[in-house]
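# Overview (structure and organization)
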Amino acid sequence: MFVGHTSIALAAKSRVPAVSLGWWMAAAFALDLLWPFFLLAGVERVTIAPGATAFTPLVFDSYPWSHSLLMACVWGICLGAIVRWRGASAGAATLVGAVVISHWVLDFVSHAPDMPLWPGNSPHLGLGLWNSVIATIVIEGVMFTVAVALYVRATRASDRVGIVAFWSFILISAAMWASGPWSPPPPSARSLAWFAMGGWLLLVWAGWADRHRHARST
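This write-up is about the structure you can find in this document. Just so it is clear, the structure is predicted and the values come from calculations on it, not from any experiment.

What follows deals with the overall build of the chain. What the chain contains, in helices and strands, is 10 helices and 6 strands. A globule of 218 residues ought to have a C-alpha radius of gyration of about 17 Å, and the chain, at 17 Å, matches this closely. Here the C-alpha coordinates of the chain stretch approximately 50 × 35 × 25 Å along the principal axes. Counting across all 218 residues of the chain, residues that qualify as buried make up 45%. Relative to all contacts within the chain whose residues are 6 or more apart in sequence, the contacts with residues 24 or more apart total 69%. About 10,400 Å² of surface is accessible on the chain, with carbon and sulfur atoms providing 71% of the total. Positive and negative charge centroids in the chain, built from 12 and 8 side chains respectively, lie 15 Å apart.

Listed below in structure tokens is the structure:
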């Protein structure tokens, strides 16, 4: 749920404007930001199987350390503690932790039954939204549209960068997501892991754009 996770970050930012959108993006994508490191280390595994689901050719064979519900809670506590240490309020830090956990919830909705509850011998859950391209685009598209509207209503550009950087971030994110079902599959799991590292650039980009915007209430 690529723009689904972005939607959570944008909505959280509109609710707690004191915390940078970069931090909210880090929270919303925390599990995916960690996953390529585990993949490259051989700790977790993915198979590229075109047709596995209608929306993505990826089969997530094993990713308990990045994507189990238990570890999502652990990563949420860790990131919440970092944000608190960086000066955020206790309430904001708690919401950051909740946004990290929201990643598991959204993946549970979209994935095939491959979402573990904990590392080890765990049940694997998933509602399989990705089995329908139309349903995925409609549901995530509505989420994204609403979240962008909330963010724009809560913030205002301080300069031209705040306009161009933000809207280019939104448009490129939407294009990457919408083109997914029609894009060629990655050539290997290792190349996929390196491509997934680009998620770190997205959160830096979001934070940069957000620094050039301010809350409308101030």
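What follows deals with the pattern of salt bridges. Within this structure, the stated rule accounts for 1 salt bridge. Between Asp-210 and Lys-13 there is a salt bridge, and its shortest N-O distance comes to 3.0 Å. Taken together, the positions of Asp-210 in helix 10 (residues 199-211) and Lys-13 in helix 1 (residues 2-15) put the pair 197 residues apart, joining distant regions of the chain.

Relative to the elements of secondary structure, Glu-140 occurs in helix 7 (residues 133-154). Despite its burial, Glu-140 pairs with no opposite charge, the nearest such side chain being Arg-153 at 21 Å. In this structure the side chain of Glu-140 is engaged in a polar contact, spanning 2.7 Å, whose partner is the backbone nitrogen of Gly-4. Only 3.1 Å separates the side chain of Glu-140 from the side chain of Trp-177, close enough to count as a polar contact. When neighbours within four sequence positions are excluded, Glu-140 is seen to be in contact with Met-1, Phe-2, Val-3, Gly-4 and Trp-177.

This brings us to helix 3 (residues 30-40). Working note: α-helix, 3.6 residues per turn, so residues spaced by three or four point in the same direction. Within helix 3, the full set of buried residues consists of Ala-30, Leu-31, Leu-33, Trp-35, Pro-36 and Leu-39. Taken from the residues just after helix 3, Gly-42 is the one with a positive phi, measuring 80°.

Here the structure, examined in full by the defined rule, presents 9 aromatic pairs. On the numbers, 4.7 Å between centres and 25° between planes, the contact of Tyr-151 with Phe-166 is stacked. Note that Tyr-151 is positioned in helix 7 and Phe-166 in helix 8 (residues 160-178), a separation of 15 residues in sequence. The residues Tyr-151 and Phe-166 share a single accessibility class, namely buried. Pairing Phe-169 with Trp-205 gives two aromatic rings, centres 6.1 Å apart and planes at 65°, and the pair type is edge-to-face.

This part covers a nonpolar patch on the surface. Residues Ile-134, Val-138, Ile-139, Val-142 and Val-146 make up a contiguous nonpolar surface patch of roughly 450 Å² in combined accessible area. Along the chain, Val-138 falls in helix 7. On the basis of relative accessibility, which here comes to 47%, the residue Val-138 falls in the partly exposed class.

Looking now at the layout of surface pockets. Taking a probe equal in size to a water molecule and rolling it over the atoms shows the remaining empty space. If you add up the space inside the largest pocket, you get close to 1,200 Å³. In terms of lining, the largest pocket is formed by 40 residues, of which the most central are Phe-2, Thr-56, Leu-58, Leu-192 and Phe-195. Of the residues belonging to the lining of the largest pocket, the class tally is 25 nonpolar, 12 polar and 3 charged. For the second largest pocket, the calculated volume is near 210 Å³.

In terms of nonpolar packing, the biggest core is built from 51 residues, with Leu-10, Leu-21, Trp-24, Met-25 and Trp-35 touching the most fellow members. Per-element tally for this core: the top contributor is helix 2 (residues 21-28), with 6 residues. Once residues lying within four places of it in the same chain are set aside, the contact partners of Met-25 are Thr-6, Ala-9, Phe-169, Leu-203 and Ala-206.

Rules used in this analysis
- Residues numbered from 1 in each chain as written.
- Predicted model: local features only at pLDDT ≥ 70, side-chain atom pairs only at ≥ 80, totals over all residues.
- Heavy atoms only, no water.
- Helix = DSSP H or I, 4+ residues; strand = E, 2+ residues; numbered from the N terminus.
- Rg over C-alpha atoms; globule rule 2.2 N^0.38 Å.
- Buried < 20%, exposed > 50% of the residue type's maximum accessible area, 1.4 Å probe, protein only.
- Contact = heavy atoms within 4.5 Å.
- Areas by Shrake-Rupley, 256 points an atom, 1.4 Å probe, with all protein chains shown as cover.
- Lys, Arg positive; Asp, Glu negative; His and termini not counted.
- Charge placed at Lys NZ, Arg CZ, Asp CG, Glu CD.
- Salt bridge = Lys/Arg side-chain N within 4 Å of Asp/Glu carboxyl O.
- Polar contact = N/O pair within 3.5 Å; in protein donor to acceptor, adjacent residues only side chain to side chain.
- Phe/Tyr/Trp six-rings, centres within 6.5 Å; stacked < 30°, edge-to-face > 60°.
- Patch = residues over 30% accessible without salt bridge, like charges linked within 9 Å, V, L, I, M, F, W, Y side chains within 5 Å.
- 1 Å grid on protein atoms, 1.4 Å probe; cavity = no way out; pocket = protein on both sides within 12 Å on 5 of 7 lines; lining within 4 Å.
- Points joined across faces, edges and corners; volume = space filled by probe spheres on them.
- Nonpolar A, V, L, I, M, F, W, Y, C, P; charged D, E, K, R; others polar.
- Core = buried A, V, L, I, M, F, W, Y, C linked by side-chain atoms within 4.5 Å.

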